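# Overview (structure and organization)
Given next are the chains, with one letter for each unit.
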Amino acid sequence: MTLAASAALLASTVALAQAAPAADEPTSTYVPIDLSDGRLMSYAVNLKVANPGQTRLAERAVEQAGGVVVQSWPQIGVVIAHSTSADFLAELPTGAGSPIESAGPTRTAEVSEGTPGASQDATPGDRGAAPYKRQAQLRGFAVGDVTSAEGATEAREGNLWNLDMIHAYEAHEVSEGSDGVLVGVLDSGIDAAHPDLAPTVDANSSVGCTAAGQPDTSPEAWGVSNSGHGTHVAGTIAAARDGSGVVGVAPNVRMASVKVVNDDGYIYPEYAVCGFVWAADHGMDVTNNSYYVDPFEFWCGDQPLQAPAMEAVRRAVDYATERGVVHAAAAGNSRYDLANKTTNASSPNDGPAVQRQINSTCKDMPTELDGVVTVSALGQDGNKASFSNFGAGVVDVSAPGARILSTWPGGGYATASGTSMASPHVAGVLALLKSTHPEATPAQLIALLEAQADDTACPAGVALCVGTAEDNGFYGEGIVNALDAVSGIRD
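Below is a summary of the structure that appears in this document. These numbers were taken from a predicted model, which means no experiment stands behind them.

How each quantity is defined
Residues numbered from 1 in each chain as written. Predicted model: local features only at pLDDT ≥ 70, side-chain atom pairs only at ≥ 80, totals over all residues. Heavy atoms only, no water. Helix = DSSP H or I, 4+ residues; strand = E, 2+ residues; numbered from the N terminus. Buried < 20%, exposed > 50% of the residue type's maximum accessible area, 1.4 Å probe, protein only. Contact = heavy atoms within 4.5 Å. Disulfide = S-S within 2.5 Å. Pairing = 2+ DSSP bridges. Axes fitted to C-alpha atoms, helices over the stretch in contact; angles between N-to-C directions. Phe/Tyr/Trp six-rings, centres within 6.5 Å; stacked < 30°, edge-to-face > 60°. Lys NZ or Arg CZ within 6 Å of the ring centre and 35° of its normal. Expected span 1.5 Å × (residues − 1). Parallel < 35°, antiparallel > 145°, perpendicular 65-115°, else oblique. Left-handed = near helix turned anticlockwise from the far one by under 90°. Nonpolar A, V, L, I, M, F, W, Y, C, P; charged D, E, K, R; others polar. Salt bridge = Lys/Arg side-chain N within 4 Å of Asp/Glu carboxyl O.

## Section: the overall build of the protein chain
Summing up its helical and strand segments, the protein chain has 13 helices and 19 strands in all. The buried share of the protein chain, taken over its 491 residues, is 60%. In the protein chain, 77% of the contacts between residues at least 6 apart in sequence involve partners at least 24 apart.

What follows is the structure in structure tokens.
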């Protein structure tokens with residue numbers, strides 16, 4: 001079956017949860033996905049009603065259409081399925097009486113990890129087969145994150161400029177957070193043996209989600225493998241005060257490793273869905289999300305091949321929020337104005353990228369989803385870091401994100417730059433707020449975070465920064481303030 005035929009079948013047979021661009025906006029560029037016979041592909045299947053009975057009906061429909069159910073989430077009405085059939089989407093029942101609302105692929109590449117628990121006729125995709133797959137980069141992490149061992153010998157608990165900027169050391173004189181607060185670190189895994197992290201990582205709450213979106217609680221599934229990104233992020237949030245190394249923003253809170261990044265560096269929708277639902281159902285109070293969901297830097301809601309996976313992630317985030325989890329996320333490192341989207345050339349990143357027209361239906365997930373705190377990055381001079389995305393009405397708050405010293409696998413330390421490094425500062429402050437306001441809802445915690453942030457005006461003469469000192473596209477509501485979070489002070 002040709003790509004065009006696959007797309008036509010999808011559009012004609014599956015009801016799609018598509019969004020429409022504004023009247024004065026162009027339609028986003030169509031990105032073809034090869035759904036031909038023999039390719040092992042992953043799909044998000046969204047139900048009309050989220051309950052166990054409708055989920056069982058949808059599971060049967062998946063199997064009858066030539067698919068394999070990988071993981072069902074009746075809590076949110078999402079089924080993750082694999083299939084090698086070009087007719088899979090066309091064979092899914094729709095319309096009156098069908099439990100299925102929408103369905104679509106979650107990747108443009110074949111499934112590299114295979115289908116858990118099932119024998120495969122098809123060979124999983126080879127990630128090393130093409131140059132775009134061999135690039136040494138952190139795939140779905142905020143584009144531009146840079147790590148270095150420079151400064152590792154300078155690790156000290158009391159001289160981290162980033163903690164000074166957000167008044168964390170002063171906050172620690174009042175409170176270092178409560179061990180009743182649990183932060184989910186949705187990332188590449190955490191080195192739980194690191195001396196600064198061992199006291200704060202909760203193994204019983206940790207999980208791996210990279211086996212096609214199935215949760216796996218074994219230490220091998222959620223531990224660090226080939227990326228130190230998650231370990232670095234974790235240290236900023238809650239490295240313990242142990243008299244050496246570094247200390248986190250909220251050193252007394254607990255963390256769970258929620259591994260959503262596979263060994264090739266991808267964070268696919270099914271991994272993110274698993275992570276958010278797990279956080280919701282396992283008592284987490286805060287999540288940190290220093291990544292964007294692959295393979296699109298911007299997922300477009302007006303595209304039939306992208307809208308269903310977007311909807312699945314949105315449902316997972318909303319479910320976690322409704323269960324009391326508040327989310328911090330990196331704004332991204334493309335120097336992009338998120339309030340004025342025009343074009344994008346970076347996606348998909350698991351296949352040849354396409355120069356795309358994008359519009360307001362196109363979202364950087366999860367940072368642009370409702371209820372998620374979007375965090376821009378600052379340099380040591382207090383100015384927006386050159387790499388950081390921005391956007392009036394999109395960025396909520398700002399935090400340090402350039403040359404941040406933190407923990408690294410193997411008991412070491414490293415510096416890193418990126419909005420990935422800014423977001424965990426905010427997750428730490430949210431954890432402090434939850435410690436001092438244990439009954440607060442996610443919306444109330446966000447309101448407190450924004451009210452207590454230090455207002456920061458746009459740099460003089462910088463036209464790209466739009467807004468007032470109280471709220472603008474570079475700093476949002478301002479630079480987060482840990483001291484005010486534990487002292488109950490509002491600006």
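Don't stop here, the text continues.
## Overview of the state of the cysteines
By the definition in use, this model includes 3 disulfides. Paired by a disulfide, Cys209 and Cys274 hold their sulfur atoms 2.1 Å apart. Across the S-S bond of Cys209 and Cys274 the torsion is about -65°, and the bridge reads as left-handed. Of the two residues, Cys209 is situated in strand E7 (residues 207–211) and Cys274 in helix H9 (residues 269–281); the sequence distance between them amounts to 65 residues. The class for Cys274 is buried, based on a relative accessible area of 0%. Sulfur-sulfur distance for the disulfide between Cys458 and Cys465 comes to 2.0 Å. An S-S torsion of about -70° defines the bridge between Cys458 and Cys465 as left-handed. For Cys465, a relative accessible area of 8% corresponds to the buried category. Each disulfide of the protein chain joins two cysteines, and with those cysteines numbered along the sequence the arrangement is 1-2, 3-4, 5-6.

## Remarks on the sheet that holds strand E16 (residues 372–378)
In sheet architecture, strand pairing relies on hydrogen bonds along the backbone and comes in two forms, parallel and antiparallel. In space, the 8 strands of this open sheet follow the order E8-E7-E9-E6-E10-E12-E16-E17, with mixed pairing throughout. The sheet terminates laterally at strand E8 (214–216) and strand E17 (397–400), the two strands that pair on one side only. Sheet twist, expressed as the average angle between the axes of neighbouring strands with direction ignored, equals 30°. Here 6 bridges tie strand E6 (residues 182–187) to strand E9 (residues 254–259), and the two strands are oriented parallel to one another. Note that in E9 the partner of Val185 across the bridge is Ser257.

## Some details on helix H8 (residues 229–238)
Helical geometry note: an α-helix holds 3.6 residues per turn, so side chains three or four residues apart project in the same direction. With respect to burial, H8 is a largely interior element, 10 of its 10 residues being buried. Residues of H8 that are buried include every one of His229, Gly230, Thr231, His232, Val233, Ala234, Gly235, Thr236, Ile237 and Ala238, and no others. In this structure, the buried residues of H8 make contact with E6, E9, strand E10 (286–289), strand E18 (404–408), strand E19 (412–417) and helix H11 (419–436).

## Description of the packing of aromatic side chains
What the rule picks out here adds up to 6 aromatic pairs. Residues Tyr268 and Tyr271 carry aromatic rings whose centres are separated by 5.8 Å and whose planes lie at 70° to one another, so their mutual orientation is edge-to-face. According to the relative accessible area criterion, Tyr271 is buried, its value standing at 0%. Judged by centre distance (5.4 Å) and plane angle (75°), the ring pair of Phe390 and Phe474 falls under edge-to-face. Of this pair, Phe390 sits in the loop between E16 and E17 while Phe474 is found in the loop between helix H12 (442–452) and helix H13 (482–487), placing the two residues 84 residues apart along the sequence. Take Phe390 and Phe474: they sit in the same class, and that class is buried. Through successive ring pairs, a cluster of aromatic residues spans Tyr266, Tyr268 and Tyr271. The ring of Phe474 has Lys384 sitting right over it, with the charged end atom 5.1 Å from the ring centre.

## As for H11
The first and last C-alpha atoms of H11 sit 26 Å apart over 18 residues, in line with the 26 Å expected at 1.5 Å per residue. Within H11, 17 of the 18 residues are buried, which leaves it mostly tucked inside the rest of the structure.

## Section: the sheet that holds strand E4 (residues 100–105)
Taken together, the 4 strands give an open sheet; going across it, the order is E2-E3-E1-E4, and neighbouring strands pair in antiparallel fashion. A single partner strand is all that each edge strand has here, and the edge strands are strand E2 (67–73) and E4. Recorded for the sheet is a direction-independent mean angle of 25° between the axes of neighbouring strands. The strands touched by helix H2 (residues 52–64) are strand E1 (41–47), E2, strand E3 (78–83) and E4; relative to E2, the strand with the most contacts, the crossing angle is about 160°.

## Thoughts on the packing of H9 against helix H10 (residues 307–322)
Between two packed helices, both the angle of their axes relative to each other and the distance between the axes serve to describe the pair. Taken N-terminus to C-terminus, the directions of H9 and H10 make an angle of 15°; their axes are 8 Å apart at the nearest point. Between H9 and H10, the interaxial angle falls into the category roughly parallel. As H9 runs across H10, the sense of the crossing is left-handed. Counted together, Pro269, Val273, Phe276, Val277, Ala280 and Asp281 of H9 and Ala309, Ala312, Val313, Ala316, Val317, Tyr319 and Ala320 of H10 form the full contact between these two elements. Looking at the contact of H9 with H10 residue by residue, the classes come out as 12 nonpolar, no polar and 1 charged.

## Some points on the pattern of salt bridges
When their charged atoms lie close together, side chains carrying opposite charge are able to pair. Tallied over the entire structure, the rule returns 12 salt bridges. For Arg314, the salt bridge is made with Asp318, and the minimal N-O distance between the two is 2.5 Å. Residue Arg314 and its partner Asp318 are both found in helix H10; the two are separated by 4 residues, about one turn of the helix. Among the ionic pairs, Glu368 bridges to Lys341, the shortest N-O distance being 2.8 Å. You can see Glu368 sitting in the loop between strand E15 (362–363) and E16 and its partner Lys341 sitting in the loop between strand E12 (326–330) and strand E13 (343–344), a full 27 residues away along the chain. Here the two residues Glu368 and Lys341 agree in accessibility, since each one is buried. Through salt bridges that share partners, Glu101, Glu311, Arg314, Arg315 and Asp318 make up one connected network.

## Structural notes on unusual backbone geometry
At the junction of Ser347 and Pro348, the peptide bond is cis and its omega measures out at -5° in the coordinates. One can find Pro348 in the loop between E13 and strand E14 (356–357). In this structure, Pro366 follows Met365 across a cis peptide bond, with omega equal to 5°. You can see Pro366 is positioned in the loop between E15 and E16. Positive phi outside glycine occurs at His167, with the angle close to 65°. Although it is not a glycine, Arg335 sits at a positive phi angle of roughly 55°. We classify Arg335 as exposed; its relative accessible area is 55%.

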